[in-house]
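Remarks on the overall topology
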Amino acid sequence: MTAGPRLVVVGDPAGRRVAFFQDALRTAGLPEARVVSWPEVLRGRARFAAGETVRLDSPGEDVEADRLLRGIDDPTRVEGTGLWYERFLAAVSGLARSVTGAGAVLVDDPAELAALFDKRLSHGLLRAAGVPVPESPTSGPSAPALRGWEELRSSTARAGLRRVFVKLAHGSSASGVLALESNGAGRIQATTSVERGPDGRLFNSLRVRRYTSEREVAAIVDALAPDGLHVERWLPKAVQDGRAADLRVVVIDGRATHAVLRTSRSPMTNLHLGGARGDLDAARAAITAAGGRWTDALEVCERAAAAFPGTRCVGVDLLPATGWRRFAVGEVNAFGDLLPGLTGLPGSGAECLDTYAAQVAAQFPDSRTPDATTPTAHITRTTPVACTTRTTPVSPTAHTTSTARTTGTSTT
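Rules used in this analysis
Residues numbered from 1 in each chain as written. Predicted model: local features only at pLDDT ≥ 70, side-chain atom pairs only at ≥ 80, totals over all residues. Heavy atoms only, no water. Helix = DSSP H or I, 4+ residues; strand = E, 2+ residues; numbered from the N terminus. Contact = heavy atoms within 4.5 Å. Axes fitted to C-alpha atoms, helices over the stretch in contact; angles between N-to-C directions. Parallel < 35°, antiparallel > 145°, perpendicular 65-115°, else oblique. Nonpolar A, V, L, I, M, F, W, Y, C, P; charged D, E, K, R; others polar. Buried < 20%, exposed > 50% of the residue type's maximum accessible area, 1.4 Å probe, protein only. Pairing = 2+ DSSP bridges. Right-handed = clockwise from strand over helix to strand, strands pointing away. 1 Å grid on protein atoms, 1.4 Å probe; cavity = no way out; pocket = protein on both sides within 12 Å on 5 of 7 lines; lining within 4 Å. Points joined across faces, edges and corners; volume = space filled by probe spheres on them. Arc of directions from axis to C-beta. Core = buried A, V, L, I, M, F, W, Y, C linked by side-chain atoms within 4.5 Å.

1. Side note on the environment of arginine 277
- Looking at where arginine 277 falls in the secondary structure, it is placed in strand β13 (residues 276-277).
- Separated by 15 residues in sequence, arginine 277 and arginine 262 have C-alpha atoms that sit 4.7 Å apart.
- Non-local contacts of arginine 277, meaning those with residues more than four positions away in its chain, are made with Val260, Leu261, Leu271, Leu339, Pro340 and Leu342.

This is the structure in structure tokens:
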């Protein structure tokens, strides 16, 4: 192994993310990273050294980290995201001081995580930057907090919103999300993966269900509200083969490099909730047939990523409107790069690389990229690239604790 940078990754030592990152380093001819676990950070035991470069990865699949962050022993529970946010930001702040004090360097700006993990703040930043986003009464730091069902109903009524997504402000992987509909007669329906127990506790379920009783919906919203709520207009999505479609687009150093089309018969397209990877080529063809351009869709994602200039890699959830001609950004995810087996878009410069290998190539442009015949640093979107065959091990897309409930840690 040749000499190289001294890398540290803060993540789950036994998780897929760290494994994929280490594989990318080895393939690029770089030394493996030293791994620091999130529980070490949360307990104040993490140490760093001068000259190290530190990468933060998601604590999402680490059950012990989740317990320390949310203060809840059952990882399938929905509640506790407000405490998770508070403790996570405090841990990152302390980690940043330790890294700087030791003479090491963080790859990304830790301050941006405060907005990336608060859907209200990130929505406000995107809107201020002119990025198309769904209408929201909770957008930005000055928006009023919704403290329960009655305030949610009043807020959406004032805004004229009858179909909305209600999200946990600090949630991920569709945990706690309700696709809420009301009609002129006041009837309510909520589609969600939330399972409400007999004692009122909420759980992440693998089965998407519908609640049609306002009393039940109100009870769920009231239980979620203490953790913080974000509300967005439910935009009608484009359809592929009779299924609602959206995209996860990874943007690395300002360029959209990877994309996956997600389709579902329910409003939630997450793969662990019954969503499936759709035909991206067919979606691109549909955009062209509608008179649009695929590059315009990618540029919307790149503009969204530019609202977080200190974060080198984000996953953008792109919502194509009915007819495939217009696009809006649903969310920007700090750790939205877990797309096993997916190589880069044509002309992206990452055609032969998965999301982790592409990040390594971007950060260390002099490292080898043996799968490509053209140097990645000089590729434009129209430059053809020839790749040799590479097999990337693919792990299950849903991290579950039983056949009935899920921890909600899948990012796709």
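2. Notes on the packing of helix α3 (residues 63-70) against helix α4 (residues 81-102)
- Interhelical geometry of α3 versus α4 gives an angle of 100° and a closest axis separation of 7 Å. Between α3 and α4, the angle falls in the class roughly perpendicular. Counting all contacts with α3, which are made through Asp66, Leu68, Leu69 and Arg70, the residues of α4 involved are Thr81, Leu83, Trp84, Arg87 and Phe88.
- Considered class by class, the residues forming the contact of α3 with α4 number five nonpolar, one polar and three charged.

3. Here's the deal with the pairing of strand β1 (residues 6-11)
- Burial runs high along β1: five of the six residues are buried.
- As paired strands, β1 and strand β3 (residues 52-56) are joined by five bridges and run parallel to one another. Bridge pairing links valine 8 to valine 54 in β3.
- With respect to chirality, the unit in which β1 leads through helix α1 (residues 16-27) into the neighbouring parallel strand β2 (residues 34-37) is right-handed.

4. Structural notes on unusual backbone geometry
- Here the phi dihedral of serine 173 falls at roughly 55°; this positive angle occurs in a residue that is not glycine.
- Here serine 173 is to be found in the loop between β5 (163-168) and β6 (178-182).
- The backbone of aspartate 253 shows a phi angle near 50°, a positive value even though the residue is not glycine.
- Among the secondary structure elements, aspartate 253 is positioned in the loop between β11 (243-252) and β12 (255-264).

5. Some thoughts on the layout of surface pockets
- Within this model, the second largest pocket holds a volume of roughly 210 Å³.
- In terms of lining, the second largest pocket is formed by 16 residues, of which the most central are Arg153, Thr156, Leu161, Arg162 and Ser182.
- Secondary-structure elements contributing two or more residues to the lining of the second largest pocket are α7 (149-158), β5 and β6.
- Here the lining of the second largest pocket gets four residues from one element, more than from any other, and that element is α7.

6. Considerations on α7
- Among the residues of α7, those classed as buried are Trp149, Leu152, Ser155 and Thr156. On an axial view of α7, the arc spanned by its buried residues comes to 130°, and they lie on one face. Turned more than 90 degrees from where α7 packs its buried face, Glu150, Ala157 and Arg158 sit exposed.
- Those residues of α7 hidden inside the fold are in contact with β5, β6, β7 (188-196), α8 (214-224) and β9 (229-233).
- Note on α7: the residue one or two positions beyond its end, glycine 160, has a positive phi of about 70°.

7. Some details on the nonpolar core
- Grouped together as the largest cluster of nonpolar side chains are 58 residues, with contacts concentrated most on Phe48 and Val329.
- By residue number, the principal contributor to this core is α4, which donates eight residues.
- Sequence-distant contacts of valine 329, defined by excluding residues within four places in its chain, comprise Leu126, Val131, Pro132, Val133, Pro134, Val300, Ala304, Val316, Asp317 and Leu318.
- Val250, Ala350, Ala358 and Ala361 belong to the second largest nonpolar core, which has 25 residues in total.

8. Thoughts on the sheet that holds β6
- Across the sheet, five strands lie side by side as β8-β7-β6-β5-β9; this open sheet has antiparallel pairing. For this open sheet the edge positions go to β8 (202-211) and β9, each flanked by a neighbour on one side alone. Between one strand axis and the next, the sheet turns through 25° on average, direction left out of account.
- Bridging between β5 and β9 involves five bridges; their strand directions are antiparallel. What sits directly across from phenylalanine 165, in β9, is glutamate 232.

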